[in-house]
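Each chain, written out:
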Amino acid sequence: KIIYLYVKPKIAAARILKSKNRPPLTDKKSMEEELKYLYKQRHSRYCESAHIIFERSENPEKDCAEIIAKLNHKKKQS
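Residues numbered from 1 in each chain as written. Predicted model: local features only at pLDDT ≥ 70, side-chain atom pairs only at ≥ 80, totals over all residues. Heavy atoms only, no water.

S.K.: Looking at this structure, I do not really get the packing of aromatic side chains. What am I missing?
M.R.: For any pair of aromatic rings, the description consists of the separation of the ring centres together with the inter-plane angle of the planes. Summed over all chains, the structure comprises 3 aromatic pairs. Measuring from ring centre to ring centre gives 6.0 Å for Y4 and Y6, while their planes differ by 75°; the resulting arrangement is edge-to-face. Of the residues examined, Y4 reaches a relative accessible area of 11% and is grouped as buried. Judged by its relative accessible area of 14%, Y6 is buried. One aromatic cluster in this structure is built from Y4, Y6, Y39 and Y46. Stacked on the ring of Y37, the Lys or Arg K28 has its end atom at 4.5 Å from the ring centre. (Phe/Tyr/Trp six-rings, centres within 6.5 Å; stacked < 30°, edge-to-face > 60°. Buried < 20%, exposed > 50% of the residue type's maximum accessible area, 1.4 Å probe, protein only. Lys NZ or Arg CZ within 6 Å of the ring centre and 35° of its normal.)

Below, the structure is given as structure tokens:
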């Protein structure tokens, strides 16, 4: 199963800025600009490939519980 853990570029940028070890992936001026650019390039491909698309929240424990529930639901449908 492929799970696309989607997060809005603005939120992802704020999280990534906390890490000092991440090198830039493009020549964009800001992290948010870079992530918006990458999102435009990759989002449709990720959606096409994913069995489950899940929008992340600020609560990882809640996210995990919801992902497990979705996987169990899909398993019952099979």
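S.K.: Explanation requested: the environment of K74 in the structure shown.
M.R.: Structurally, K74 is set in helix α3 (residues 60–77). The spacing of K74 and H51 is 23 residues in sequence and 9.3 Å in space, taken between C-alpha atoms. Once you skip the residues sitting within four places of it in the chain, K74 turns out to touch H51 and I52. (Helix = DSSP H or I, 4+ residues; strand = E, 2+ residues; numbered from the N terminus. Contact = heavy atoms within 4.5 Å.)

S.K.: Is there a simple way to explain the environment of Y39 in this structure?
M.R.: Position of Y39 relative to the elements: it lies in helix α2 (residues 31–49). According to the relative accessible area criterion, Y39 is partly exposed, its value standing at 28%. With 13 residues separating them in the primary sequence, Y39 and T26 have C-alpha atoms 12 Å apart. When neighbours within four sequence positions are excluded, Y39 is seen to be in contact with Y4, Y6 and P9.

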